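# Architecture at a glance
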Amino acid sequence: MDLVTINASYMTVKIPLGDREQWENLLTVADKHLMALPKEVLPPAAIGCPQHAVFDPNHALCWIHYRPYNQYRLYRMWMEGGHLFFRLPIGGVILLLSKAKEEVDNDVRQTIRQYLVANYPRKDLLSFDPLKFPVELYPYQIKAVTGAINYRRAIVSAPPGSGKTEIGSALIASMPAHWQVGWFTHTRTLLRQSQNRLLKNLREPIGAISGEDSFDPRRVTVAMVQTITRRGQEKNDPNIIAWLRSLDAIILDEAHHAPAKTFYWTLMSCTNAWVRFGLTATPMREEGEEEIYMWCAISPLIVEVSPHELVAVGRLVPIELIVYDLEGTVEYKGTYRNWQDEYMDQIVRNKIRNYIIAAEAIINRPSVILVWSIEHIQHLLDAIQNLSKKYNIDVKVAALHGETKSHDRQIALQQFEAGQIDILIISDVGKEGLNIINLRNLIVAAGQKSKVAAIQRVGRGMRPKKWGFVRVVDFYDSGDVTRRHSFRRIRIYQQMLPVARVKRIPAEEGIRQLLQELKGSAAFF
């Protein structure tokens, strides 16, 4: 095996066709570990192709077998001049050397490790002194920075509210002062938040690249990925491409978005940025479709901060999880065309569910209700209005969604923090980058099963508050798919968040309790 080229994004090697043992082994492990295969797609080994057709490049069936899966492979293989060429993402090489080392042929492993080590940044290149950093960090933040520096390429997995921007700022402070650093994010709100906090933490001008900014990169620049992709990939803007190639280090905020094509293209275009860090609130331990993209673009090496570490220092509060069991509240028709139709019937338009949500929000205000669809917002507004009118309870409600202007969103959040709004209904626009302190009751009305969404949504309510804990209300939903999704969602809470106690309430019993409390609230107010 010989090295052809190597940069911070890719390593290309070639193996003579005669060295069948080597290229067969590399193809096998690459197909197993470097393929972002959707769950509904069968792996190559399951399609019943003769074994020799998988590995023999001289056999026509090999290429018939190989090509349909190219769209999922994050490595590339081709034949030229008596050699097989493999282009491997650097993060993928680290993955093979760390998580699949027992499966890789010893000669292959030693050779690609030698090529990687010869180009990998030295350990002493980065160093961090907490005493010289302008912002005082918590012990868990210092531990995360130290662990990430040790790897030079790593994912920092820390809960919402842990101060990931401060961790990222400290990582930048650990780098040589002349390095060009790109900080990538995906929303205008996060871009401005990151720019302001980096300015405060690093005490130097911070550049910005977005649709609202002129092209003015600085030593540290916050860039919106969509703008970079549109101008770099689609319009081939030489300034954008040159800037990406000039970066010495990159940091990706909300790193679980790396599977998006725009993110992956941007990160892999930074061919000089050997030092790479990702920041995410979502633990990425499984070898799934999303994780493979992120690991190949950044690294499979994970530095993890536990939610319990934040609870111990008062940065987060524990959760009281209230789960209403809605089995049988809506007739399951069994004729839904897809899960979206079932979702609308069993969740969005489920009157019993919506009135439980409305009653919970009124009784235990200040409350935030998280939803997925705008239609759901209207159903909940109607339910809250009907209950508050019936029981003569004065409740101030506001709703935020994708069409809400940034200025109006900020005003509503400020009013909620000040106690001028009792109930805030937020669509998925509030899933990331939203800090809410004045919160007693968080109602997850959105349903679904996504691990990322579940952690991000509940994380919004775990900031410190005067009650010492936050009530999180969710449901064991009725239906088929929606019920299975709800069981997965509750398991995610219990496995990955500091849940102090769980209370499961049948819907009928819950409705009786809530109606009595509403009557009591009416008498009190």
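Up top is the structure.
Residues numbered from 1 in each chain as written. Predicted model: local features only at pLDDT ≥ 70, side-chain atom pairs only at ≥ 80, totals over all residues. Heavy atoms only, no water.

## A closer look at the nonpolar core
If you look at the biggest cluster of nonpolar residues, it comprises 60 residues, and the most contacted ones within it are L26, F86, L116 and F184. Not counting chain neighbours up to four residues away, the residues in contact with L116 comprise I6, M11, I90, V93, I94, L97 and W274. Residues I172, I251, V303 and V305 belong to the second largest nonpolar core, which totals 38 residues. (Core = buried A, V, L, I, M, F, W, Y, C linked by side-chain atoms within 4.5 Å. Buried < 20%, exposed > 50% of the residue type's maximum accessible area, 1.4 Å probe, protein only. Contact = heavy atoms within 4.5 Å.)

## What about the pattern of salt bridges?
All told, the structure shown has 25 salt bridges when counted by the stated rule. A salt bridge links D474 to R489, with the shortest nitrogen-to-oxygen separation between them at 2.9 Å. Pair noted here: D474 is in strand β17 (residues 470–476) and R489 is in helix α19 (residues 481–496), with a separation of 15 residues, a long-range link. Classification of R489 as buried rests on a relative accessible area of 1%. Salt bridges sharing partners connect three or more residues here, namely E320, E360, R471 and R501. (Salt bridge = Lys/Arg side-chain N within 4 Å of Asp/Glu carboxyl O. Helix = DSSP H or I, 4+ residues; strand = E, 2+ residues; numbered from the N terminus.)

## Let's talk about the sheet that holds strand β15 (residues 423–426)
The strand order β14-β15-β13-β16-β17-β12-β18 describes an open sheet built from 7 strands, whose pairing is parallel. In the strand order of this sheet, the two ends are held by β14 (397–400) and β18 (499–506), each with one partner. Each strand axis lies, on average, 20 degrees off the axis of its neighbour in the sheet, ignoring direction. Where strand β12 (residues 319–325) and β17 come together, 7 bridges link them in parallel fashion. The residue of β17 that forms the bridge with I319 is V470. Across the sheet, helix α17 (residues 406–417) touches β13 (367–370), β14 and β15, and the angle it forms with β15 is around 145 degrees. (Pairing = 2+ DSSP bridges. Axes fitted to C-alpha atoms, helices over the stretch in contact; angles between N-to-C directions.)

## A few points about helix α7 (residues 164–173)
Judged by how many residues are buried, α7 sits mostly within the fold: 9 of 10 residues are covered. Restricting attention to buried positions, one finds in α7 the residues K164, T165, E166, I167, G168, S169, A170, L171 and I172.

## Looking at the side chain of T280
Relative to the elements of secondary structure, T280 occurs in strand β10 (residues 275–280). Assessed through its relative accessible area of 0%, T280 is described here as buried. Among residues more than four places away in sequence, those in contact with T280 are I155, V156, S157, A158, K164, A255 and H256.

## Describing the packing of aromatic side chains
Following the criterion strictly, the structure yields 11 aromatic pairs and no others. Arranged with centres 5.6 Å apart and planes meeting at 15 degrees, the rings of Y138 and Y140 form a pair that is stacked. Taking the relative accessible area as the measure of exposure, Y138 reaches 31% and is therefore partly exposed. Members of the aromatic cluster, connected to one another through ring pairs, are W339, Y343 and W372. For R87, the ring lying beneath its charged end belongs to Y10, and the centroid distance is 3.9 Å. Its end group placed over the ring of W295, K99 keeps NZ or CZ at 5.1 Å from the ring centre. (Phe/Tyr/Trp six-rings, centres within 6.5 Å; stacked < 30°, edge-to-face > 60°. Lys NZ or Arg CZ within 6 Å of the ring centre and 35° of its normal.)

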